[in-house]
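Listed below, chain by chain, are the residues.
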Amino acid sequence: MLHTRNGGKKMEKTTMTVKELAIQLGISIPKAYELIRSPSFPSIKIGSRIIVPIEEYKRWLKESSGGVVDERNNDI
């Protein structure tokens, strides 16, 4: 997903919120927070905010699914 910032320059989004994670996985927000607490799940805490690095999430998803991931929906 590309976002326009800084005078029209396009920057690729590199992180997602817990809410975006829940939507992406089709799970509830409380379940997403439960997943975030898993030691193997990639997340970064900045103050009280939790973000998920998209590339690390994709790697985690691929490893967790045994390498079988449908990458047609690339709108992360």
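Preceding this section is the structure that the text describes.
Below is a short write-up of the structure. (Residues numbered from 1 in each chain as written. Predicted model: local features only at pLDDT ≥ 70, side-chain atom pairs only at ≥ 80, totals over all residues. Heavy atoms only, no water.)

## What about the sheet that holds strand β5 (residues 49-53)?
Read from one edge of the open sheet, three strands run β3-β5-β4, paired in antiparallel fashion. The open sheet terminates on both sides in strands that have one partner only, identified here as β3 (15-17) and β4 (44-46). Within the sheet, the average angular offset between the axes of one strand and its neighbour, ignoring direction, is 40°. Of the pairings in the sheet, the one linking β3 to β5 comprises three bridges and is antiparallel in character. (Pairing = 2+ DSSP bridges. Helix = DSSP H or I, 4+ residues; strand = E, 2+ residues; numbered from the N terminus. Axes fitted to C-alpha atoms, helices over the stretch in contact; angles between N-to-C directions.)

## Here we look at the pattern of salt bridges
One pass over the structure, following the stated rule, counts four salt bridges. Its salt-bridge partner being E20, residue K13 comes within 2.5 Å of it at the nearest N-O pair. Between K58 and E55 there is a salt bridge whose closest N-O contact spans 3.8 Å. With K58 and E55 both in helix α3 (residues 54-64) and three residues apart, the pair spans about one turn of that helix. Judged by its relative accessible area of 29%, K58 falls in the partly exposed class. (Salt bridge = Lys/Arg side-chain N within 4 Å of Asp/Glu carboxyl O. Buried < 20%, exposed > 50% of the residue type's maximum accessible area, 1.4 Å probe, protein only.)

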